[in-house]
Amino acid sequence: MRISRTAAVLLLIFAPAACGRHAEQPPTAGDQPILVIENYSGLAPAAERFALPGYVLLADGTALSRAEDQGIVLSATRRRLSTDQIHEVYGGAARANLFRSHEYRQDAILDASAMVIRITSTKGSYQTVVVQPDTREGGARGRVVDFASGVLEAGSPDGVYAPDRVAAIVVGDSDDTADVRPWPLAVPADKMPGFPARPCLIVSGAGVRPLLDGARTATFHTRWSSGDRPLSLRVRPLLPYEHDCADLTS
């Protein structure tokens, strides 16, 4: 009997271990992510270096998945995993052979995309890279790709991620004047930390809501006037383990 690809993916993640819990156990404390999945495009625009990870799992069972942008605001949804569900995810990771660092190459492809999975257990941290991943693949590469797809369904929905701190990032300048708006920050662009190479400002407290409200009505073509040059902005939520702009590209 043949089973569908979707069923096979879910079986990889949620199948019970044959002999109790596997050797690699998830950390149960700490503020750092225990599982991160990132997807990199081959020819990504400069703004992508500040992108949210595709998926993050924290030790407390909070999972965050990248969602559609809201205007120029990067967004994420939340899911909640129980302790048993976290162990099921780690069982799926073991079956996908993620508890040893490995890179699955595609040497013949220039500017290829890549999927990077970083997972931490009580024994150590591991990184798996799949160059040019394809959901139709089988074998060892396919098991990794299936794991990354299936883990998105682990746990139960827990709403939209609502950050209390965000980063406002200048991602370029432009002569486009079709939609130019007043500068939305208390600090002008040339006074932002990182100017001129990577201007980035952390906004917290009462400043978050008005910034998000305005940014969600903007588009990637919107420019913001600071000084004599219209600038392009992105607004990115800080994840629970991120503290400043340096964390966004580390």
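Residues numbered from 1 in each chain as written. Predicted model: local features only at pLDDT ≥ 70, side-chain atom pairs only at ≥ 80, totals over all residues. Heavy atoms only, no water.

J.: An account of the pairing of strand S6 (residues 114-120) is needed here, citing residue identities and associated values.
T.: Burial of S6 is extensive: 5 of the 7 residues sit out of reach of the surface. Here strand S1 (residues 33-40) runs beside S6; their pairing, made up of 6 bridges, is antiparallel. In the strand pairing of S6, valine 36 is matched with arginine 118. With 7 bridges joining them, S6 and strand S7 (residues 125-131) adopt antiparallel strand pairing. By the bridge assignment, valine 116 is partnered in S7 with valine 129. Connecting S6 to the antiparallel partner S7 that follows it, the hairpin turn spans 4 residues. (Buried < 20%, exposed > 50% of the residue type's maximum accessible area, 1.4 Å probe, protein only. Helix = DSSP H or I, 4+ residues; strand = E, 2+ residues; numbered from the N terminus. Pairing = 2+ DSSP bridges.)

J.: Describe in detail the state of the cysteines, supporting the description with residues and values.
T.: Counting across every chain of the model gives 1 disulfide. Across the disulfide from cysteine 200 sits cysteine 245; the S-S distance is 2.0 Å. The sign of the -80° torsion about the S-S bond sets the cysteine 200-cysteine 245 disulfide as left-handed. With cysteine 200 in strand S11 (residues 200-204) and cysteine 245 in the segment after strand S13 (229-237), this pair connects stretches of sequence that are 45 residues apart. Among the residues examined, cysteine 200 registers a relative accessible area of 3% and is labelled buried. Given a relative accessible area of 18%, cysteine 245 falls into the buried group. (Disulfide = S-S within 2.5 Å.)

J.: Before we move on, can you summarise helix H4 (residues 208-215) with the specific residues and values?
T.: Owing to its 3.6 residues per turn, the α-helix aligns residues three or four sequence positions apart on the same side. The complete set of buried residues in H4 reads Val208, Leu211, Leu212 and Ala215. Along the axis of H4, the buried positions cluster into a sector of 95°, meaning they face one direction only. Opposite its buried face, H4 presents the exposed residues Arg209 and Pro210, each directed more than 90 degrees away. (Arc of directions from axis to C-beta.)

J.: Describe the environment of tyrosine 241, with residues and values.
T.: Position of tyrosine 241 among the secondary structure elements: in the segment after S13. Along the chain, tyrosine 241 and glycine 30 lie 211 residues apart, while their C-alpha atoms are 9.4 Å from each other. Beyond its immediate chain neighbours, meaning those up to four positions away, tyrosine 241 contacts Asp31, Gln32, Pro33, Pro53, Val56, Leu58 and Asp247. (Contact = heavy atoms within 4.5 Å.)

J.: Pulling in residues and values, what's your account of the nonpolar core?
T.: Counting residues in each nonpolar core, the largest one holds 27 residues, and the members touching the most others are Leu35, Ile37, Val89, Ile117 and Phe147. Those elements that place two or more of their residues in this core are S1, strand S2 (55-58), helix H2 (83-95), S6, S7 and helix H3 (139-150). Counting 20 residues, the second largest nonpolar core, distinct from the first, contains Met192, Val203, Leu211 and Val235. (Core = buried A, V, L, I, M, F, W, Y, C linked by side-chain atoms within 4.5 Å.)

J.: Please give an account of the packing of aromatic side chains that cites residues and values.
T.: Going through the model one piece at a time under the given rule, you end up with 2 aromatic pairs. With a centroid separation of 5.6 Å and 40° between ring planes, the pair formed by tyrosine 90 and phenylalanine 99 is classed as tilted. Assessed through its relative accessible area of 0%, tyrosine 90 is described here as buried. Relative accessible area serves as the criterion here: at 13%, phenylalanine 99 is assigned to the buried category. (Phe/Tyr/Trp six-rings, centres within 6.5 Å; stacked < 30°, edge-to-face > 60°.)

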